[in-house]
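Structural features, examined
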Amino acid sequence: MDYVKLINCMRCGMCLPHCPTYKETFLETASPRGRVALVRKLQEGELVESEKFLEYVSLCLDCQACASACPCGVNAGELVAEFRCESKKEKGLSMMEDLVLRKLVPHPDRLEAATAPLRLYQKTGLQQVVRSLGLLKLFPEALGRMEGLLPKLPDAPLRQTISEVTPAAGKEKGTAGFFLGCVMSLIFSEASLATVQLLSTLGYRVVTPKAQKCCGAPNMLGHDLDGLKEAASFNTDLFDSFDLDFVVTDCGGCGAELKKYGQHLDGERKAEEFSASVRDISEVLFAESEALAAKLKPLPLKVTYHDPCHIAHCQGIRSQPRALIKLIPGIDFRELPEADACCGSAGTYNIEKPEMADLVLSRKVQNVQKTGAEYLVTSNPGCLLQLKKALSEAEPQVRVIHLTELLQMSMNA
Ligand code: SF4
Ligand code: SF4
């Protein structure tokens with residue numbers, strides 16, 4: 001780890017009011033400043049990597065809100081993640097981590113096969129029985145939480161049903177490569193289909209390479225740097241084999257990772273070029289605002305927007321999604337208090353650290369309710385999963401949808 005990054009912290013505390021775990025605990029050890037100090041003390045040999053130490057650092061959501069607030073460019077979330085990657089490299093992956101991160105996640109066919117029983121579980125009505133009889137309480141806690149988050153799955157993953165090439169509707173402006181995130185394909189295929197259709201309607205030919213693999217974000221979350229590099233290298237080569245004007249994704253987590261491939265592969269030219277070509281869908285659609293506005297029809301809805309950490313803090317995209325929502329005639333846009341605060345999903349954090357995740361989520365739900373919105377728009381699968389469940393149980397209910405679904409709804413109105 002680069003020691004300079006650690007000593008850049010001047011302990012001003014400006015990050016503290018932005019850190020979700022600090023806001024819930026008011027503990028220095030649960031703050032960005034405290035986490036940087038802990039990792040620094042470890043590097044300086046004044047602390048050992050004890051269980052307590054790991055407990056402190058593992059409470060970080062890696063939401064990177066601290067990085068957006070820090071005047072010195074310190075990124076506590078990234079520093080903690082780097083430390084955990086280094087520590088993992090020394091210890092190696094456990095059998096379960098190896099199974100999930102190396103044998104399952106990088107293989108879309110296996111991932112899709114692994115979710116097939118879940119479709120059956122829903123289609124046969126077994127899920128409804130389990131839920132209505134309250135049988136979830138009998139599941140081990142982590143399994144019960146995962147099941148509780150599961151929305152209705154599409155009939156098939158989008159990767160299996162979408163054509164590798166979707167032609168532009170009308171005069172072709174260029175070719176977009178579509179990076180189809182695993183969770184988007186497996187669970188939120190309707191949103192990703194809306195993304196492709198919007199691009200096509202706006203005159204882009206869309207290439208969705210079927211051989212693409214997971215972006216590597218789960219490897220990063222599991223602190224498996226080698227697995228992440230393998231994913232980066234594979235996807236860089238694959239997309240480079242097509243003649244594309246840019247690469248687009250509608251998954252905030254994937255976008256943040258793809259934009260760092262150059263960094264992950266130590267500045268390799270091809271990876272740097274790939275990263276520079278990556279756009280979040282909101283960036284592409286915002287650049288097409290005029291053409292898009294001409295196609296949108298009125299939607300008289302009260303709508304608010306939650307900034308996914310991977311879009312606001314990791315990619316610096318804040319104004320474009322809001323501007324796109326406001327393009328829709330008749331929309332009553334309500335700004336969400338603390339809109340760029342994490343919702344508590346954070347990869348698998350909501351499963352691993354349920355108590356803190358629930359505290360962070362509850363604050364988000366209360367803020368959404370203050371807006372009086374009927375719809376919450378966001379663009380990251382983790383946030384969609386977490387918020388769909390929480391806001392379907394809230395009173396009054398709030399519907400949670402992806403940005404491209406809202407735009408498509410307006411086009412089809
Ligand atoms: S991480 Fe940045 S904002 Fe936080 S205390 Fe250090 S210098 Fe200040
Ligand atoms: S990444 Fe998020 S949770 Fe972690 S220290 Fe920064 S603000 Fe706090």
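How each quantity is defined
- Residues numbered from 1 in each chain as written.
- Chains lettered and ligands numbered in written order.
- Predicted model: local features only at pLDDT ≥ 70, side-chain atom pairs only at ≥ 80, totals over all residues.
- Heavy atoms only, no water.
- 1 Å grid on protein atoms, 1.4 Å probe; cavity = no way out; pocket = protein on both sides within 12 Å on 5 of 7 lines; lining within 4 Å.
- Points joined across faces, edges and corners; volume = space filled by probe spheres on them.
- Helix = DSSP H or I, 4+ residues; strand = E, 2+ residues; numbered from the N terminus.
- Nonpolar A, V, L, I, M, F, W, Y, C, P; charged D, E, K, R; others polar.
- Contact = heavy atoms within 4.5 Å.
- Buried < 20%, exposed > 50% of the residue type's maximum accessible area, 1.4 Å probe, protein only.
- Pairing = 2+ DSSP bridges.
- Axes fitted to C-alpha atoms, helices over the stretch in contact; angles between N-to-C directions.
- Near = heavy atom within 4 Å.
- Domains from an automatic or database assignment.
- Patch = residues over 30% accessible without salt bridge, like charges linked within 9 Å, V, L, I, M, F, W, Y side chains within 5 Å.
- Areas by Shrake-Rupley, 256 points an atom, 1.4 Å probe, with all protein chains shown as cover.
- Salt bridge = Lys/Arg side-chain N within 4 Å of Asp/Glu carboxyl O.
- Left-handed = near helix turned anticlockwise from the far one by under 90°.
- Phe/Tyr/Trp six-rings, centres within 6.5 Å; stacked < 30°, edge-to-face > 60°.
- Lys NZ or Arg CZ within 6 Å of the ring centre and 35° of its normal.

**Quick look at the layout of surface pockets**
The space that makes up the second largest pocket amounts to roughly 700 Å³. If you go around the second largest pocket, you meet 26 residues; those closest to its centre are P151, K152, F188, K388 and V400. Where the lining of the second largest pocket is concerned, the elements lending two or more residues are α10 (141-149), α13 (189-201), α25 (381-392), β9 (399-402) and α26 (403-412). When residues of the lining of the second largest pocket are assigned to their parent elements, the largest contribution, four residues, is made by α25. The residue makeup of the lining of the second largest pocket, split by class, is 14 nonpolar, four polar and eight charged.

**Section: the environment of A256**
Relative to the helices and strands, A256 resides in helix α16 (residues 252-258). With 56 residues separating them along the chain, A256 and A312 place their C-alpha atoms 9.8 Å apart. Among residues more than four places away in sequence, those in contact with A256 are H310, C314 and Q315.

**Describing the pairing of strand β2 (residues 174-179)**
Of all the six residues making up β2, six are buried; the element is thus mostly covered by neighbouring parts of the structure. Side chains G174, A176 and F178 of β2 all project onto a buried face; the interleaved residues T175, G177 and F179 project onto the opposite face, where all are buried too. With four bridges joining them, β2 and strand β3 (residues 204-207) adopt parallel strand pairing. By the bridge assignment, G174 is partnered in β3 with Y204.

**Considering the sheet that holds β9**
With parallel pairing, the four strands of this open sheet are ordered in space as β7-β6-β8-β9. The strands lining the two open edges of the sheet, one partner per strand, are β7 (332-333) and β9. Pairing analysis gives three bridges linking strand β6 (residues 302-305) to strand β8 (residues 375-378), with the strands arranged parallel. Bridged to Y305 within β8 is V377. Here helix α22 (residues 319-327) sits on the sheet and contacts β6, β7 and β8; the angle it forms with β6, its principal contact strand, is near 170 degrees.

**Examining the sheet that holds β2**
Consider a sheet: its strands pair through backbone hydrogen bonds, and that pairing is either parallel or antiparallel. What the five strands build is an open sheet, ordered β1-β3-β2-β4-β5; its pairing is mixed. In the strand order of this sheet, the two ends are held by β1 (165-166) and β5 (278-280), each with one partner. Examined bridge by bridge, β1 and β3 share two bridges and lie antiparallel to one another. Across the sheet, the residue bridging to V165 is V207, located in β3. Set on the sheet, α13 makes contact with β1, β2, β3 and β4 (246-249); between it and β3 the angle comes to about 145 degrees.

**Overview of the site of ligand 1**
Around ligand 1 lies a shell formed by C9, M10, R11, C12, G13, M14, C15, R33, C70, P71, C72 and V74. A class-by-class count of the residues in the shell around ligand 1 yields nine nonpolar, one polar and two charged.

**Regarding the domain arrangement of the chain**
According to the domain assignment, the chain consists of domain 1 (3-91), domain 2 (95-149), domain 3 (158-285) and domain 4 (289-412). Measuring from the centre of the C-alpha atoms in domain 1 to the corresponding centre in domain 2 gives 33 Å.

**A word on a nonpolar patch on the surface**
On the surface, a nonpolar cluster with roughly 230 Å² of combined accessible area is contributed by Y3, V4 and I7. By the secondary structure assignment, I7 is in helix α1 (residues 3-7). Overall, I7 belongs to the partly exposed group, its relative accessible area being 37%.

**Description of the site of ligand 2**
C19, P20, P32, R35, C60, L61, D62, C63, Q64, A65, C66 and G77 make up every residue found near ligand 2. Going through the elements one at a time, α3 (32-43) and α5 (65-69) are the ones with two or more residues in the shell around ligand 2. Residues belonging to the shell around ligand 2 are distributed by class as follows: eight nonpolar, two polar and two charged.

**With respect to the packing of α3 against helix α6 (residues 76-91)**
Between α3 and α6, the shortest axis-to-axis distance is 9 Å and the interhelical angle comes to 35 degrees. Note that α3 runs across α6; the crossing there is left-handed. For the pair α3 and α6, contact is made by P32, R35, V36, V39, L42 and Q43 and by A76, L79, V80, F83 and E86, respectively. Classifying every residue of the contact of α3 with α6 gives eight nonpolar, one polar and two charged.

**As for the packing of aromatic side chains**
By the definition in use, this model includes six aromatic pairs. Ring geometry for F179 versus F239: centroids 5.9 Å apart, planes at 35 degrees, classification tilted. Taken as a pair, F179 in strand β2 and F239 in helix α15 (residues 225-240) lie far apart in primary sequence, 60 residues in all. Judged by its relative accessible area of 1%, F179 is buried. By relative accessible area, F239 is classed as buried at 3%. The ring of F234 carries K213 above its face, with NZ or CZ at 4.3 Å from the centroid.

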